[in-house]
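One letter stands for each residue in the lines below.
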Amino acid sequence: QAGGLKDAATMRIEQYLRDSTARDGAHEAIVAGDVRLSYDRVLDLSARMATTLRARGVAPGERVLILLDNGWQAAVTVFATWMAGSVICFVNPSTKAARLAQIVRDCGPALVVAEGRLEKLVDGVAELAETPRLVMGAGFEAGLEAKPFAGETLPDSDLAALIYTSGSTGEPKGVMLAHENMDAAARSIASYLENAATDRILVVLPMSFGYGLNQLVTAMLTGATLVIEKSFAFPQAIFERIRDERVTGFPLVPAMVAMMMQARDLDPALFTSLRYITSAAAPLPLAHLDRLRAFLPHVRPYVMYGQTECTRIAYLPPEEIDARRGSVGIAIPGVRTEVVDEAGLPVPPGTVGELVVRGPNVMRGYWRNEAATRRALRPDPRDGALRLHTGDLFTADADGYLTFVSRTDDIIKPRGEKVAPKAVEDVLHRMPGIAEALVVGVPHDILGQAVKAVVVSASGVTLTEREVMRF
């Protein structure tokens, strides 16, 4: 594999930390604010935290609910949980009490690890009343057991994470990712990004979500340095951090790209250290991608597509951007994708159908939700092997390059004609003066459904409805 990684059998994710420490324990593993931790230090803290979890009664296979901001404490808690043989259930600290209660009822955590400022939130969730808790604050290290966890031989097939997602509607569903699922995804992503120990990866995305969590996992796999920031609330500060820490990898979501492109007097010199940028979580408008490439011509931009249910599905090699306009790329290494009809059979190139995925990265299913699991994981009618049905409509060309059309439940039908919101959004993003656009279907007495656009004008620009509709 690329990026200095050797071919390896599937392994548990906590072994990444042990192996990278064995290779170079003095190498900087994590930078968070003013804190700098070597691999030796992260391993020691994680092992002591694992002992602490066991001392608090957390058994292998039990869930640890993590309510922590992005920071070195969150990274240590994640790896400690895996060392103890338990399952992370990492929830965004901004989650409201009602949704948190739903998640707690579903996952049944053995322990809650929470920020000190969240004690009132935790106290307000009745479902957590009897659950032991570990409150993190300035004295994080002082609260850890002195003896590092010795470790045990545990199977790669063990559950590693429950990541909760609701899709477009409904109750939160816990996506079950085993160590072998996460390992397959991390190795595949690291190979095409050519990650190595020399990389310095910035994570400003919440590590409670799959895209953010994967930055931690990939960094520890490759022995890279992870630069952790809490949020993108102050973009200029983040850009200066990129310059000061000589960041080489910058994972983004489309809204962050839009904010970058709107920033006044943004100095390209802030980004000279960057080797690559990735974009995932939502389709990146071509107009944003074009402006980003023009602004940072030395940076390799990777457009990617994935779902929580399998971490990553496709990526577009940067050298193919001009030839494959609008594509999200080909299947990541080790994964097979197909566009299929309602019977589950492949459709001809260029035909719209549902994207299905096969590979070692595909989830086990949804936690305690057999009905949802059966809808998502269905047998291939040709050989009976289970495939992930993404619920997304795509086309594929003759070379297997995929183009996103719409979510199956997002299609708008004015007068019965099928309209993909993204197709309208792409046009709106080409209009001078529009920074961001979102298209949805709304009820209409005559049409059945009407197409409604919500647009954000660029700084200093005034647009009228008539001008937008004329365009």
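Right, let's walk through the structure included here. Sequence positions are assigned chain by chain, starting from 1 and proceeding in written order. Given that this is a predicted model, residues contribute local features only at a pLDDT of at least 70 and side-chain atom pairs are listed and counted only at 80 or more, while totals for whole chains, interfaces and linings are drawn from all residues. To obtain the side-chain values, all non-hydrogen atoms of the structure were used and water was disregarded.

Take the overall build of the chain next. If you tally the helices and strands in the chain, you get 13 helices and 23 strands. Throughout, radius of gyration means the C-alpha value; the globule benchmark is 2.2 Å times the number of residues raised to the power 0.38. In terms of overall dimensions, the chain is globule-like: its C-alpha atoms have a radius of gyration of 23 Å, near the 23 Å expected for 471 residues. For the chain, the C-alpha atoms occupy an extent of roughly 70 × 50 × 50 Å along the three principal directions. Accessibility throughout is a Shrake-Rupley quantity obtained with a 1.4 Å probe, and a residue counts as covered only by protein chains that appear here. Accessible surface, the chain: about 20300 Å² in total, of which carbon and sulfur atoms supply 52%. Distance from the positive charge centre (50 side chains) to the negative charge centre (56 side chains) of the chain: 2 Å. A run of DSSP states H or I qualifies as a helix once it reaches four residues; a run of E qualifies as a strand once it reaches two. Both are numbered from the N-terminal end. Counted as positive: Lys and Arg. Counted as negative: Asp and Glu. His and the chain ends are not counted at all. A single reference atom marks each charge: NZ on Lys, CZ on Arg, CG on Asp, CD on Glu.

Here a cavity is any set of points on a 1 Å grid over the protein atoms alone where a 1.4 Å probe fits but cannot get out, and a pocket is any open set with protein on both sides within 12 Å along at least 5 of 7 lines; a residue lines the site when it has an atom within 4 Å of a point. Grid points are joined across faces, edges and corners, and a volume is the space filled by probe spheres set on the points. Throughout the structure, instances matching the rule amount to four cavities of 30 Å³ or more. In this structure, the largest cavity spans a volume of roughly 120 Å³. Around the largest cavity sit 15 residues that line it, and Leu 284, Leu 286, Val 303, Gly 326 and Ser 327 are the ones nearest its centre. Mapped by element, the contributors of at least two residues to the lining of the largest cavity are helix 10 (286-295) and helix 12 (421-429). Partitioning the lining of the largest cavity into residue classes produces nine nonpolar, two polar and four charged. One number sums up the size of the second largest cavity: a volume of about 60 Å³. If you go around the second largest cavity, the residues you meet are Ile 189, Leu 193, Asn 195, Ile 201, Tyr 211, Asn 214, Gln 215, Thr 218, Tyr 276, Thr 278, Met 304 and Arg 312. In terms of residues, the lining of the second largest cavity owes the most to one element, helix 7 (residues 210-222), which gives four residues. Asp, Glu, Lys and Arg are counted as charged, while Ala, Val, Leu, Ile, Met, Phe, Trp, Tyr, Cys and Pro are counted as nonpolar; the rest, among them Gly, fall into the polar class.

It is worth spelling out the pattern of salt bridges at this point. Salt bridge, as applied in this entry: a Lys or Arg side-chain nitrogen positioned within 4 Å of an Asp or Glu carboxyl oxygen. Under the criterion given, the structure shown has 36 salt bridges. Between Asp 44 and Arg 48 there is a salt bridge whose closest N-O contact spans 3.7 Å. Taken as a pair, Asp 44 and Arg 48 lie in helix 2 (residues 39-55) at a separation of four residues, close to a single helical turn. Only protein chains enter the area calculation, which uses a 1.4 Å probe; residues under 20% of their type maximum are buried, those over 50% are exposed, and those in between are partly exposed. Given a relative accessible area of 27%, Asp 44 falls into the partly exposed group. Overlapping salt bridges bring together Arg 336, Glu 338, Arg 358, Asp 380, Arg 382, Asp 383 and Arg 387 as one network.

Looking now at helix 12. Since one α-helical turn is 3.6 residues long, residues separated by three or four positions face the same way. Every buried residue belonging to helix 12 is among Pro 421, Lys 422, Glu 425, Leu 428 and His 429, and all of these are buried. The arc that holds the buried residues of helix 12, viewed along the axis, is 115 degrees, so those residues lie on one side. Throughout, a residue-residue contact means that at least one pair of heavy atoms, one from each residue, lies within 4.5 Å. Of the surrounding secondary structure, the elements contacted by the buried residues of helix 12 are helix 10, strand 21 (402-407), strand 22 (434-444), strand 23 (448-457) and helix 13 (465-470). An arc is given here, and it is the one of the directions from the helix axis to the C-beta atoms.

A separate point is the nonpolar core. One finds Ile 30, Met 49, Met 220, Phe 250 and Phe 271 to be the most contacted residues of the largest nonpolar core, which totals 122 residues. Considering each element in turn, this core owes the most residues, nine residues, to helix 3 (residues 72-83). When near neighbours in sequence (up to four residues on either side) are disregarded, Phe 271 contacts Phe 239, Ile 242, Met 260, Leu 266, Phe 295, Leu 296 and His 298. Judged by nonpolar contacts, the second largest core, of 22 residues, contains Ile 103, Val 112, Val 122 and Tyr 164. Residues belong to one nonpolar core when they are buried, are Ala, Val, Leu, Ile, Met, Phe, Trp, Tyr or Cys, and are joined through side-chain atoms within 4.5 Å.

Before going further, it helps to examine the pairing of strand 10 (residues 225-228). Side-chain alternation along strand 10 places Thr 225 and Val 227 on one buried face and Leu 226 and Ile 228 on a second face that is also buried. Strand direction decides the pairing type here: strand 1 (residues 28-32) and strand 10, joined by three bridges, are parallel. Residue pairing in the sheet places Ile 30 in a bridge with Leu 226 of strand 10. Any two strands between which DSSP finds at least two bridges are classified as paired. Note that strand 9 (residues 200-203) and strand 10 share four bridges and pair parallel. In the sheet register, Arg 200 faces strand 10, and the bridge partner there is Thr 225. A right-handed crossover is one whose linking path, passing over the helix from the first strand to the second, runs clockwise when the strands point away from the viewer. Read as a crossover between parallel neighbours, the route from strand 9 over helix 7 to strand 10 is right-handed.

In this fold, Glu 115 is placed in strand 5 (residues 111-115). Of the buried charged residues, Glu 115 lacks a salt bridge, with Arg 117 as the closest side chain of opposite charge at 5.1 Å. Leaving out residues up to four positions away in the same chain, Glu 115 has contacts with Leu 67, Leu 68, Asp 69, Val 135 and Met 136.

A separate point is the environment of Leu 162. Structurally, the position occupied by Leu 162 is in strand 7 (residues 159-165). Residue classification places Leu 162 among the buried residues on the basis of a relative accessible area of 1%. The sequence separation of Leu 162 and Val 217 amounts to 55 residues, and the corresponding C-alpha distance is 15 Å. Those residues in contact with Leu 162 that sit more than four places away from it in its chain are Arg 63, Val 87, Ile 88, Cys 89, Phe 90, Cys 107, Gly 174, Val 175, Met 176 and Trp 367.

As a further point, take the packing of helix 6 (residues 179-193) against helix 7. The geometry of a pair of packed helices is captured by two quantities: the angle between their axes and the separation between those axes. Contact geometry of helix 6 with helix 7 gives a least axis separation of 10 Å together with a crossing angle of 75 degrees. When the axes of helix 6 and helix 7 are compared, the pair comes out roughly perpendicular. Taken together, the residues of helix 7 that come into contact with helix 6 (itself represented by Met 182, Ala 186, Arg 187, Ile 189 and Ala 190) are Leu 213, Asn 214, Val 217, Thr 218, Leu 221 and Thr 222. Here the residues of the contact of helix 6 with helix 7 sort into seven nonpolar, three polar and one charged. Lines are fitted to the C-alpha atoms to define the axes, a helix being fitted only along its stretch in contact, and any angle between axes, read from their N-to-C directions, falls within 0 to 180 degrees. The labels follow the angle: roughly parallel below 35 degrees, roughly antiparallel above 145, roughly perpendicular from 65 to 115, and oblique for the rest.

Any helix carries an expected span of 1.5 Å times its number of residues minus one. The terminal C-alpha atoms of helix 2 lie 24 Å apart, and with 17 residues this matches the ideal 24 Å at 1.5 Å per residue to within 8%. Downstream of helix 2 by a residue or two, Gly 57 has a phi angle that is positive, lying close to 95 degrees.

Before going further, it helps to examine a nonpolar patch on the surface. Exposure above 30% relative accessible area and the absence of a salt bridge qualify a residue for a patch, where like charges join within 9 Å and nonpolar side chains (Val, Leu, Ile, Met, Phe, Trp, Tyr) within 5 Å. Among the surface-exposed residues, Leu 438, Val 440 and Val 454 lie close enough to one another that they form a single nonpolar patch of about 230 Å² accessible area. Assignment of secondary structure puts Val 440 in strand 22.

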